[in-house]
Amino acid sequence: MTRLAAALAVLLAAAPAAAQGASGTLALSDVVGMAVQNSPGVLAAEQDIIIARQRVSEARFLELPQFSLAGSLSRMSLEYPEVLGPDFGGPFLDPAAGSSFYSMRVQAMQPLYTGGRNSNTLKMAKTAANQAQVDYETARAAAALAAKKTFYTVLYQRRLKESASYWLDRAGKLDSELHKSPLEKLEAGMLLSSLSDRLARAGEGLDAAHAELLKIISREPDFPAEPSGDFSPQPVSVPVSRCLVTAMESRPEMKAELYKAQMDDIAVNMAMVRRNPTIYLGASYDLSSYKLTSLTRDAERSSGWLASIGILFPLSYDIWTQVQQRRAQQRQGELQRAALQDDIRFDIMTAYREAVSRQEEAGRLGKELQEMEAGYEKAASSERPSMDELRALCSLCRLEKRYLDAVYGQLMARVRLEWAQGRDLDS
């Protein structure tokens, strides 16, 4: 069995253990879960949901009677009677009755008809709450996308490092067995230097990817667990037409645009109902006295109640200008939704084509690598060590690098396709 086939078998055997959360390892689901759980964007979106729900409750309160309880104390030295302002209930003050005046008022105000303002406000609040939920789903999708990309980048850089280390070790052993001319020594040194550089770059890439992963999952640099998974092509078996349909149903941005369309409709209605009258029913009960103790004595206090109904007809110059603005904004929303649909189709088609293309490329290169490596091992075992063998070994290293690049590209394209359709391909 070639080295590549053995490595793939080990990875496949280790994948179930990793998926079950084996000690010291992180499966893809673990990384995505921690990234979503600790994402600042997701946490902020959760608070937006709480705010939106409270605004729905506030909108419901507009339909309820509004109560108020007021009290006032007035000290006076007047030559003539006066009337207090409306903020103090507007009582009549007689200077001959005393130098102090006490009053208490209970008032209730019930909107009977608001021309549709309160009902539209409630609809707007409910739609905004749905919008907040969709924004939360969008933030989760963005956090999951970043986690998946970084997870596979770590696996990719690790495989690059393992590959470079393996071939450099074999090249070093082979170089020590060769009898070389001065020019061959120079060539061999350049080949080994190239492999060393490849190993160094892979190590730097692995460190950077691992640091980015710890940042995404909000863990300290000494966090013990390491990402573990199957670094091999994951075929895309669903047709592209199904991905497009799924995107229109599941993509959070599409849901957000639908709620924006509802909000635009409500905004147009709210602009039009500004011309409707408002009818209120009000009632109040007052107690007043020139002595504080007299408030509890019927004979020494004055009291009264009133109930009134009022109607207000708005006369504003900007009613129709507001309606035209809201209708223009509604049309803008329709254009934005059409543009979003085109963008989603483009994202899906691009990711799908790349995933399929890279999948075929990885399959072809993987087969070539196995055949070339088997041929190399057979030829190397039957001939004396030579520079040709060292050159062939370096060529195998480059071929494996191309294979790993193809696998990484296929996995990244698949991740982008899952994000573009708004749902994992396996679900």
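Refer to the preceding data block for the structure.
Numbering of residues starts from 1 in every chain and runs along the sequence as written. In keeping with the model being predicted, local features are shown solely for residues with a pLDDT of at least 70 and side-chain atom pairs are shown and tallied solely at 80 or more, while totals for entire chains, interfaces and linings include all residues. Processing note: side-chain calculations cover all non-hydrogen atoms of the structure and skip hydrogens and water entirely.

In this description a helix means any DSSP run of H or I spanning at least four residues, a strand means any run of E spanning at least two, and both kinds are numbered starting from the N terminus. In terms of helices and strands, the protein chain carries nine helices and eight strands. Its C-alpha atoms give the protein chain a radius of gyration of 38 Å, clearly above 22 Å, the size a compact globule of 427 residues would have. Principal-axis analysis of the C-alpha atoms places the extent of the protein chain at approximately 130 × 45 × 40 Å. Counting over 427 residues, the protein chain shows a buried share of 37%. Only heavy atoms enter the contact rule, under which two residues are in contact if any of them lie within 4.5 Å. Here the contacts in the protein chain between residues at least 6 apart in sequence split such that 85% fall between residues at least 24 apart. Split by element, the accessible area of the protein chain, about 24100 Å² in all, is 56% carbon and sulfur. Seen as two clouds, the 50 positive and the 53 negative side-chain charges of the protein chain have centres 3 Å apart. Radius of gyration: over C-alpha atoms. The globule rule applied is 2.2 Å multiplied by the number of residues raised to the 0.38 power. Note on exposure labels: buried denotes an accessible area under 20% of the residue type's maximum, exposed denotes more than 50%, and partly exposed covers the range between, all computed with a 1.4 Å probe on protein chains only. Per-residue accessibility takes into account occlusion by the displayed protein chains alone, with areas from the Shrake-Rupley method and a 1.4 Å probe. The charge count treats Lys and Arg as positive and Asp and Glu as negative. His and the chain ends do not count. Throughout, a charge is located at the NZ atom of Lys, the CZ atom of Arg, the CG atom of Asp or the CD atom of Glu.

A few words on the pattern of salt bridges. Salt bridges are defined as contacts in which a side-chain nitrogen from Lys or Arg sits within 4 Å of a carboxyl oxygen from Asp or Glu. Using the criterion set out here, one finds 20 salt bridges in the structure. One salt bridge connects Arg158 with Glu226, and the closest N-O pair in it is separated by 3.4 Å. Within this pair, whereas Arg158 is found in helix H4 (residues 117-177), its partner Glu226 is found in strand E6 (residues 226-227), the two being separated by 68 residues in sequence. For Lys173, the salt bridge identified is with Asp169, shortest N-O distance 3.5 Å. Taken together, the residues span about one helical turn, with Lys173 and Asp169 both in helix H4 at a distance of four residues. A cluster of three or more residues bridged by salt bridges with shared partners is formed by Lys148, Arg414, Glu418 and Asp424.

Bringing helix H5 (residues 182-216) into the picture now. Within an α-helix, residues lying three or four positions from one another point in the same direction, as the helix has 3.6 residues per turn. When the terminal C-alpha atoms of H5 are compared, their 51 Å separation across 35 residues agrees well with the 51 Å that a helix rising 1.5 Å per residue should span. Remark: Ser218 follows H5 within two positions and exhibits a positive phi of approximately 60°. Under the convention used throughout, the expected extent of a helix is 1.5 Å for every residue step, that is, one less than its residue count.

Our focus in this paragraph is the packing of H4 against helix H9 (residues 387-421). At their nearest, the axes of H4 and H9 sit 10 Å apart, and the two run at 175° to each other. For the element pair H4 / H9, the angle class is roughly antiparallel. Under the grouping applied here, Gly and all other residues not named as nonpolar or charged are polar, the nonpolar ones being Ala, Val, Leu, Ile, Met, Phe, Trp, Tyr, Cys and Pro and the charged ones Asp, Glu, Lys and Arg. Here the residues of the contact of H4 with H9 sort into 18 nonpolar, two polar and 10 charged. Orientation is described by axes fitted as lines to C-alpha atoms, over the contacting stretch for helices, and by angles from 0 to 180 degrees between their N-to-C directions. Relative orientations are named as follows: roughly parallel for angles under 35 degrees, roughly antiparallel for angles over 145 degrees, roughly perpendicular for angles from 65 to 115 degrees, and oblique for any other angle.

Looking now at helix H3 (residues 40-61). The end-to-end C-alpha distance of H3 is 32 Å, a good match for the 32 Å that 22 residues give at a rise of 1.5 Å each. The complete set of buried residues in H3 reads Val42, Ala45, Ile49, Ala52, Val56 and Ala59. Each buried residue of H3 lies within a common arc of 90° when the element is viewed along its axis, so the set occupies one face. The inward-facing, buried residues of H3 abut helix H2 (28-38) and H4. Each C-beta atom gives one direction from the helix axis, and the arc is the one those directions make.

Each aromatic ring pair is specified by the distance between its two centres and by the angle formed by the two planes. Paired rings are identified among Phe, Tyr and Trp, the last through its six-membered ring, by centres lying within 6.5 Å, and are further divided according to the angle between planes into stacked (under 30 degrees), edge-to-face (over 60) and tilted (the rest). Applying the stated criterion across every chain yields a total of four aromatic pairs. A centroid spacing of 6.1 Å and a plane angle of 35° characterise the contact between Tyr156 and Phe231, whose relative ring orientation is tilted. Here Tyr156, found in helix H4, pairs with Phe231, found in the loop between E6 and helix H6 (240-250); they are 75 residues apart in sequence, far enough to count as distant. Each member of the pair, Tyr156 together with Phe231, is buried. Relative to Tyr408, the ring of Tyr156 has its centre 4.2 Å away and its plane inclined at 15°; by these criteria the two rings are stacked. Here Tyr156, found in helix H4, pairs with Tyr408, found in helix H9; they are 252 residues apart in sequence, far enough to count as distant. Taken as a pair, Tyr156 and Tyr408 share a single burial class, namely buried. One aromatic cluster is present, built from ring pairs that chain together Tyr156, Phe231 and Tyr408. The criterion for a charge sitting over a ring is simple: Lys NZ or Arg CZ within 6 Å of the ring centre, and within 35 degrees of the ring normal. Of note, Arg219 hangs over the ring of Phe223, and the distance from its end group to the ring centre comes to 5.4 Å. Taking NZ or CZ as reference, Arg251 lies 4.2 Å from the ring centre of Trp419, over its face.

What follows is about the packing of H6 against helix H7 (residues 252-272). Viewed as axis vectors pointing N to C, H6 and H7 meet at an angle of 45°, and their least axial separation amounts to 6 Å. When the axis of H6 is compared with that of H7, the two are oblique. Along the contact surface, H6 presents Ala247, Met248, Glu249 and Ser250, while H7 presents Pro252, Met254 and Lys255. Partitioning the contact of H6 with H7 into residue classes produces four nonpolar, one polar and two charged.

Moving on, we come to the nonpolar core. Put simply, a nonpolar core is a bunch of buried Ala, Val, Leu, Ile, Met, Phe, Trp, Tyr and Cys residues held in one set by side-chain atoms that sit within 4.5 Å of each other. Counting 64 residues, the largest nonpolar core has Val31, Tyr152, Ile217, Phe231 and Leu390 as its most contacted members. Only H2, H3, H4, H5, helix H8 (319-382) and H9 provide two or more residues apiece to this core. Broken down by element, the residue count for this core peaks at 19 residues, all from H4. If you look at the next biggest cluster of nonpolar residues, it comprises 15 residues, including Val236, Tyr352, Ala413 and Leu425.

Further remarks concern a nonpolar patch on the surface. Patch rule: a residue counts if its relative accessible area is over 30% and it has no salt bridge; like charges are joined within 9 Å, and nonpolar side chains (Val, Leu, Ile, Met, Phe, Trp, Tyr) within 5 Å. The grouping of Leu69, Met104, Val106, Tyr285 and Trp305 at the surface amounts to a nonpolar patch, some 590 Å² of accessible area in total. Assignment of secondary structure puts Tyr285 in strand E7 (residues 278-289).

One requirement defines pairing of two strands: DSSP has to find at least two bridges between them. With respect to topology, four strands assemble into an open sheet ordered E2-E5-E7-E8, the strand pairing being antiparallel. Because the sheet does not close on itself, it has two edges, and the strands there are strand E2 (66-75) and strand E8 (302-312). In this sheet, adjacent strand axes meet at a mean angle of 15° when their direction is disregarded. Where E7 meets E8, 11 bridges bridge the pair, whose relative direction is antiparallel. Within E8, the residue paired with Leu287 across the bridge is Ser303.

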